[in-house]
Amino acid sequence: QVQLVESGGGLVQAGGSLKLSCAASGGTFTSYLMGWLPQAPGKEREFVAAISWSGYRRRVVDSVKGRFTISRDNAENTMYLQMNSLEPEDTAVYYCAATYAYNDDVPPSPQFNYWGQGTQVTVSS
């Protein structure tokens, strides 16, 4: 089964940018639909972005559309989340997640089976 390791989190001022990475191992990377799900303090983990196995299909929620971009490099077994114009409300632990891809599409609310350990993103005002 796939193992996921996130990196790239940190402390940034409002309006700044960060790029998160998720490195996958132990499985065939192109078998998986991948996603990012942040969990803010005191809140449930929520879906913000996902990408199909080929990278051609992407879905991001309205609250981050135009600010966050999800991508993947299948040759490097790595997924990314470029986050621009960060807001204090984006503060959360960001989890990378994967689920087996039955087709090259992204459903509206993907259900993930594999998780990384998370990386902390803190946005100061």
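Calculation criteria
- Residues numbered from 1 in each chain as written.
- Predicted model: local features only at pLDDT ≥ 70, side-chain atom pairs only at ≥ 80, totals over all residues.
- Heavy atoms only, no water.
- Core = buried A, V, L, I, M, F, W, Y, C linked by side-chain atoms within 4.5 Å.
- Buried < 20%, exposed > 50% of the residue type's maximum accessible area, 1.4 Å probe, protein only.
- Helix = DSSP H or I, 4+ residues; strand = E, 2+ residues; numbered from the N terminus.
- Contact = heavy atoms within 4.5 Å.
- Pairing = 2+ DSSP bridges.
- Phe/Tyr/Trp six-rings, centres within 6.5 Å; stacked < 30°, edge-to-face > 60°.

### Considering the nonpolar core
Within the largest apolar cluster, 28 residues are counted, with the highest numbers of intra-cluster contacts made by Leu-4, Met-34, Trp-36, Met-79, Leu-81, Met-83 and Tyr-94. Listed by contribution, the elements that provide at least two residues to this core are β3 (18–25), β4 (32–39), β5 (49–51), β7 (68–73), β8 (78–83), β9 (92–100) and β11 (119–124). Excluding anything up to four places from it in sequence, Met-83 contacts Gly-16, Ser-17, Leu-18, Leu-20, Arg-67, Phe-68, Tyr-94 and Val-121.

### Overview of the environment of Ser-71
One can find Ser-71 in strand β7. Taking C-alpha positions, Ser-71 is 6.7 Å from Gly-55, a pair spaced 16 residues apart along the chain.

### A short note on the pairing of β11
Burial of the side chains of β11 is restricted to one face: Thr-119, Val-121 and Val-123 are buried, whereas none of Gln-120, Thr-122 and Ser-124 on the reverse face is. Two strands pair when backbone bridges link them, and β9 and β11 are joined in this way by 3 bridges, in the antiparallel orientation. Among the inter-strand pairings, Ala-92 is bridged to a residue of β11, identified as Val-121.

### Considerations on unusual backbone geometry
A positive phi angle is found at Asn-77, which is not glycine, with a value near 55°. Of note, Asn-77 is situated in the loop between β7 and β8. Taking relative accessible area as the criterion, Asn-77 reaches 29% and is therefore assigned partly exposed. In this model, Ser-85 sits at a positive phi of 50°, which is unusual for a non-glycine residue.

### Re the packing of aromatic side chains
Scanning the model with the defined rule gives 3 aromatic pairs in all. When the ring of Tyr-32 is compared with that of Tyr-114, the centres are 5.9 Å apart and the planes differ by 90°; the resulting orientation is edge-to-face. With Tyr-32 in strand β4 and Tyr-114 in strand β10 (residues 114–115), the pair connects residues that are 82 residues apart, well separated along the chain. The class for Tyr-32 is buried, based on a relative accessible area of 9%.

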